[in-house]
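Here is how the chains run, residue by residue.
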Amino acid sequence: MIKLNPQEIKKDFPIFNQKINGNRLVYLDNGATTQKPIQVINSINDYNKTSHGNPHRGAHQLSIMATEEYNLAREKVREFINAKYIEEIIFTRNTTESINLIANSYGMEFIKENDEILLAISEHHSNILPWQRIAKEKKAILKYMYLNEEGRIPPEEIKKKLTNKTKIVSIAQMSNVLGTIHPLGEIIDYAHKIGSIVIVDGAQSTPHIPVDIQDLDADFFVFSAHKMLGPMGIGVLYGKKNLLENMPPFLMGGDMIEYVYEQEATFAPLPYKFEAGTQNVEGVIGLKTAIDYLQKIGLDNIHNHEKILVEYALEKMLSIPYVNIQGPIDLEKRGGIISFTIDDIHPHDVASILDSYGVALGAGHHCCQPLMRYINIPATSRISFYLYNTKEDIDQFIEGIKNVRKWLGYGS
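In the annotation of an unreviewed UniProt entry, the chain is listed under the name cysteine desulfurase and assigned to Tissierella praeacuta DSM 18095. We quote the UniProt Sequence similarities (unreviewed entry) comment for the chain here in full: "Belongs to the class-V pyridoxal-phosphate-dependent aminotransferase family. Csd subfamily." UniProt annotates the chain under Cofactor (unreviewed entry) with the comment "pyridoxal 5'-phosphate".

1. Notes on the packing of helix H3 (residues 61-81) against helix H10 (residues 281-297)
Where H3 meets H10, the closest approach of the two axes is 9 Å, and the angle between their N-to-C directions is 40°. Regarding the angle of H3 to H10, the classification is oblique. Two packed elements cross with a definite hand, and for H3 against H10 that hand is left-handed. In contact with Ala-66, Glu-69, Tyr-70, Leu-72, Ala-73, Lys-76, Val-77, Glu-79 and Phe-80 of H3, H10 contributes Val-281, Val-284, Ile-285, Leu-287, Lys-288, Ile-291, Asp-292 and Gln-295. A per-class count over the contact of H3 with H10 returns eleven nonpolar, one polar and five charged.

2. Focus: the packing of aromatic side chains
In the structure shown here, the tally under the stated rule is twelve aromatic pairs. Consider the rings of Tyr-70 and Phe-91, whose centres lie 5.4 Å apart with planes at 55°: the pair is tilted. Here Tyr-70, found in helix H3, pairs with Phe-91, found in strand S4 (residues 89-92); they are 21 residues apart in sequence, far enough to count as distant. Owing to a relative accessible area of 1%, Tyr-70 belongs among the buried residues under this scheme. Considering the side-chain rings of Tyr-146 and Tyr-374, the 5.3 Å spacing of their centres and the 35° angle between planes classify their relative orientation as tilted. Of this pair, Tyr-146 sits in the loop between strand S6 (141-145) and helix H6 (155-161) while Tyr-374 sits in helix H13 (residues 369-374), placing them 228 residues apart in sequence.

3. What to know about the pairing of strand S11 (residues 257-260)
By the bridge criterion, three bridges tie S11 to strand S12 (residues 265-267) in an arrangement that is antiparallel. Across the sheet, the residue bridging to Ile-257 is Phe-267, located in S12. Linking S11 to S12, which pair antiparallel, is a turn of four residues.

4. Description of the nonpolar core
Phe-91, Trp-131, Val-169, Phe-220, Leu-229, Leu-387 and Tyr-388 are the most contacted members of the largest nonpolar core, which has 91 residues in total. The element that contributes the greatest number of residues to this core is H10, accounting for nine residues. No fewer than three residues from each of domain 1 (6-30 + 298-408) and domain 2 (41-296) sit in this core. If we ignore the near neighbours within four places in the chain, the residues touching Phe-91 are Tyr-70, Ala-73, Arg-74, Val-77, Ile-234, Gly-235, Val-236, Glu-275, Gln-279, Val-284 and Leu-287. If you look at the next biggest cluster of nonpolar residues, it comprises 29 residues, including Val-26, Phe-340, Ala-351 and Phe-385.

5. Thoughts on the packing of helix H12 (residues 347-355) against helix H14 (residues 391-407)
Orientation of H12 relative to H14, taken along the N-to-C sense of each, is 120°, at an axis distance of 9 Å. Comparing the axis directions of H12 and H14 gives the class oblique. Where H12 crosses over H14, the two elements pack in a sense that is right-handed. Every residue of H14 that contacts H12 at Val-350, Ile-353 and Leu-354 is listed here: Phe-397, Gly-400, Ile-401, Val-404 and Trp-407. Tallied by class, residues from the contact of H12 with H14 come to seven nonpolar, one polar and no charged.

6. Some thoughts on helix H5 (residues 129-138)
For the α-helix, the turn length of 3.6 residues means that residues three or four positions removed from each other point alike. Among the residues of H5, those classed as buried are Pro-130, Trp-131, Ile-134 and Ala-135. Seen from one end, H5 has its buried residues packed into an arc of 130°, which puts them on one side. Considering only its buried residues, H5 is in contact with helix H4 (95-110), strand S5 (116-120), S6, strand S7 (166-172) and strand S8 (197-201). Once H5 finishes, Lys-139 follows within two positions and takes phi at roughly 60°, a positive value.

7. Concerning the layout of surface pockets
Size it by volume and the largest pocket reaches roughly 320 Å³. Residue lining of the largest pocket: 21 residues in total, with His-124, Ser-126, Ala-203, Gln-204 and Lys-227 positioned closest to the centre. Considering only residue class, the lining of the largest pocket consists of four nonpolar, 13 polar and four charged. Of the pockets and cavities examined, the second largest pocket occupies roughly 190 Å³. Residue assignment for the lining of the second largest pocket shows that the elements contributing at least two residues are S4 and H4. Classifying every residue of the lining of the second largest pocket gives seven nonpolar, five polar and three charged.

8. Description of helix H7 (residues 184-193)
Along H7, the positions that sit buried rather than exposed are Leu-184, Ile-187, Ile-188 and Ala-191. Mapping the buried residues of H7 onto a view down its axis gives an arc of 95°, with all of them on the same face. Among the structural elements, H6, S7, S8 and helix H8 (213-216) are those in contact with the buried residues of H7. Downstream of H7 by one or two residues, Gly-195 has phi in the positive range, about 90°.

Cut-offs used in this document
- Chains are numbered independently. Their residues run from 1 in the order of the written sequence.
- Selection of residues for local features in this predicted model requires a pLDDT of at least 70, selection of side-chain atom pairs for listing and counting requires 80 or more, and totals for whole chains, interfaces and linings are taken over all residues.
- Only hydrogens and water are set aside; all other atoms, that is, all heavy atoms of the structure, feed into the side-chain values.
- UniProt positions are given in the numbering used here, feature names are shortened, and annotations may be inferred rather than shown by experiment.
- Under this scheme, a helix contributes an axis fitted over its contacting stretch, all axes are lines through C-alpha atoms, and angles between N-to-C directions fall in the 0 to 180 degree range.
- Only DSSP runs of H or I with at least four residues qualify as helices, and only runs of E with at least two residues qualify as strands; both kinds are numbered from the N terminus onward.
- Working definition: roughly parallel below 35 degrees, roughly antiparallel above 145 degrees, roughly perpendicular at 65 to 115 degrees, and oblique for all remaining angles.
- Handedness of a crossing is defined here by the sense of rotation of the near helix relative to the far one, left-handed for an anticlockwise turn of less than a right angle and right-handed for a clockwise turn.
- Contact definition: two residues touch when any of their heavy atoms are within 4.5 Å.
- When residues are sorted by character, Ala, Val, Leu, Ile, Met, Phe, Trp, Tyr, Cys and Pro go into the nonpolar class, Asp, Glu, Lys and Arg into the charged class, and all the rest, Gly among them, into the polar class.
- The criterion for an aromatic pair is that two Phe, Tyr or Trp rings (for Trp, the six-membered ring) have centres within 6.5 Å, with stacked assigned to planes under 30 degrees apart, edge-to-face to planes over 60 apart and tilted to the rest.
- Burial here depends on accessible area, computed with a 1.4 Å probe over protein chains only, as a share of the maximum for the residue type. Under 20% is buried, over 50% is exposed, and the range in between is partly exposed.
- A pair of strands is treated as paired once DSSP finds two or more bridges between them.
- Only buried Ala, Val, Leu, Ile, Met, Phe, Trp, Tyr and Cys residues count toward a nonpolar core, and they belong to the same one when joined by side-chain atoms within 4.5 Å.
- The start and end points of each domain follow an automatic or database-based domain assignment.
- Each C-beta atom gives one direction from the helix axis, and the arc is the one those directions make.
- We place a 1 Å grid over just the protein atoms. Points where a 1.4 Å probe fits but has no way out form a cavity, open points with protein on both sides within 12 Å along at least 5 of 7 lines form a pocket, and any residue with an atom within 4 Å of a point lines it.
- Grid points are joined across faces, edges and corners, and a volume is the space filled by probe spheres set on the points.

As structure tokens, this is what we get:
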């Protein structure tokens, strides 16, 4: 394991060459989206300059080149998460579409009346709303696992909520609010023993920690490129081959067919059955380059770097009496996300004031209203780290925090 040099890494990111409100840009909203290195930007530009064509649609050289680039990117993703088969990698628009695909294809096909769908209360709305719809339409039962005071799912809650009626468990590997890393091994093992499939939302985890999908043994795994240095508008759905083969298509249209007749059609094999229409090839190119960039640095090294930053930030934040941390303090149980509140100050005001110091962070319910109701807090401020963040970034953030209450007339 090596120690990262984030100051050198920042040189690859053109966005950090600018100032915000006269201050050095401190970007701490990586849980929402990450910035792009010049390598990713250039790879997209180069593709559009030299190789842009519609894959699988033509015999001319540009279409062939686009197809080759598209296929190479799929193999890169397969390798990145250690999927067994390339056919198990489906490209979508984002994590949200990936979950909707599973819900509308697998859920509508296989969920029956009185079956149970189990989520964690900490889930993003993208992993709640599709299952609410499936539960209503199929007359199934939607249940939740609740968290303890540390923001963790207790073992007894897992065993209590998983029953022989549970057919789907859908859970984020890392909470986008609390930073909690959930005990997926325990959940997946127990779920499989009772005959349930498990869907893992890896949007927050995949950019930061190594993922070995065969070791994890999740049935489905989803994530987005834009949270891991790639472009927006491209996501990934991994599914076990036998499950995907038995699922009906989600979208209908070009390239996902075998033969079309006036009254019926047959569909293409995996993965094309789930990739209707012209795909976001430049997005896929950007994702491939982002993976190359992350692999060169090493996911273990990134995770270790973020642990150092979290420890440094928590030490400083816990020393400020009016700052309240949400989620686990134990570094072994959390990722590089810290949600917090400041006494008497709304998180939106915190974000606006810190922006004047050049600090970008998240604020609000973070698309997790059920969690916010459960912990009885309407909103939080959130900082989230990545490989280009430094202790100097945290110092600038802390300096801004210490002035927030002064700005609004509460003194120090």
